[in-house]
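# Inside the fold
In case you want the letters, here they are:
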Amino acid sequence: SQTIHQWPATLVQPVGSPLSLECTVEGTSNPNLYWYRQAAGRGLQLLFYSVGIGQISSEVPQNLSASRPQDRQFILSSKKLLLSDSGFYLCAWSPRTAFYEQYFGPGTRLTVT
Amino acid sequence: SQKIEQNSEALNIQEGKTATLTCNYTNYSPAYLQWYRQDPGRGPVFLLLIRENEKEKRKERLKVTFDTTLKQSLFHITASQPADSATYLCALVVYGGSQGNLIFGKGTKLSVKP
């Protein structure tokens, strides 16, 4: 069966510091991968998605970037965090041909102080 | 503008009753509509998907309806239990969008009291 991992589970970082969140998927090949942010009182916001190694699409211009160095690894990064980057970050995967079947990871709670 | 709204931020009901959650949308033509459950501090878990040509879908105590004329989906939990307490999200899948085009509502927090 497929599993999706995210780490760290929680993170407290000062403004201006860098960020790296990692997501890995097991038990499937060639998945689509997604990064979402869920801010308090707001819905899930798609940040990035990837259909293959090195292929990243950005949905929202912002302070963040994403990379996919391996088929089942997805990384969310920032060079300098802003207060507004605080939130709950979720990674998800879907089968290559069924992007609507999205399965979410456990999430990372990021607090920027 | 395009909107997806879940009418109640919170819904409190008594154990054993039927919980009904509403999802309305405007200016979308979704191919599918999905419902997810999200527990505090956890990622959403997929529950049900209903297609535009389906009126109703059931899974155990869950029932989803989809009315493309009213642009509305109803999500029912029958014989509700305290363990059903969670936030429920609806999400639209829209044809012609990008590979990532799953559009979420803000969710309804359901509390089932014993």
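Residues numbered from 1 in each chain as written. Chains lettered and ligands numbered in written order. Predicted model: local features only at pLDDT ≥ 70, side-chain atom pairs only at ≥ 80, totals over all residues. Heavy atoms only, no water.

### Re the overall build of chain B
Stated precisely, the cut-off is as follows: What counts as a helix is a DSSP run of H or I of at least four residues, what counts as a strand is a run of E of at least two, and both are numbered from the N terminus. Radius of gyration: C-alpha atoms only; globule rule: 2.2 Å multiplied by the number of residues to the exponent 0.38. Accessibility here uses a 1.4 Å probe with only protein chains present; expressed as a share of the type maximum, an area under 20% marks a residue as buried, one over 50% as exposed, and anything in between as partly exposed. By the convention used here, residues are in contact when the closest approach between their heavy atoms is within 4.5 Å. Computed with the Shrake-Rupley method and a 1.4 Å probe, the accessible areas treat only the protein chains shown as cover for residues. The charged-residue count follows a simple rule in which Lys and Arg add positive charge and Asp and Glu add negative charge, with His and chain termini not counted at all. We put the charge of a Lys on NZ, of an Arg on CZ, of an Asp on CG and of a Glu on CD.
Along the backbone of chain B there are zero helices and eleven strands. Order of helices (α) and strands (β) in chain B, N terminus to C terminus: β-β-β-β-β-β-β-β-β-β-β. A compact globule built from 114 residues should have a C-alpha radius of gyration of about 13 Å, and chain B, at 14 Å, falls within 12% of that. Counting only C-alpha atoms, chain B reaches 45 × 30 × 20 Å along its principal axes. In chain B, which comprises 114 residues, the proportion classed as buried is 47%. Contacts in chain B between residues at least 24 apart in sequence constitute 55% of all its contacts with a sequence separation of at least 6. Accessible surface, chain B as shown: approximately 5,800 Å² in total, 46% of it carbon and sulfur. In chain B, 15 side chains carry a positive charge and 10 a negative one; their mean positions are 2 Å apart.

### Topic: the state of the cysteines
Working definition of a disulfide: a covalent bond connecting the sulfur atoms of two cysteines. Going by this rule: Disulfides are defined in this document as cysteine sulfur pairs within 2.5 Å.
In total, this model carries two disulfides over all chains according to the counting rule given. In this model Cys23 of chain A forms its disulfide with Cys91 of chain A; the gap between the sulfur atoms is 2.0 Å. One disulfide, between Cys23 of chain A and Cys91 of chain A, carries an S-S torsion of -75 degrees and so falls in the left-handed class. You can see Cys23 of chain A sitting in strand β3 (residues 19-26) and its partner Cys91 of chain A sitting in strand β9 (residues 87-94), a full 68 residues away along the chain. Taken individually, Cys23 of chain A and Cys91 of chain A each receive the classification buried, so the pair is uniform in this respect. Paired by a disulfide, Cys23 of chain B and Cys90 of chain B hold their sulfur atoms 2.0 Å apart. Handedness of the Cys23 of chain B-Cys90 of chain B disulfide follows from its S-S torsion of about 65 degrees: it is right-handed. With Cys23 of chain B in strand β3 (residues 19-26) and Cys90 of chain B in strand β9 (residues 86-94), the pair connects residues that are 67 residues apart, well separated along the chain. Of the two residues, Cys23 of chain B and Cys90 of chain B, neither departs from the other in class, the shared state being buried.

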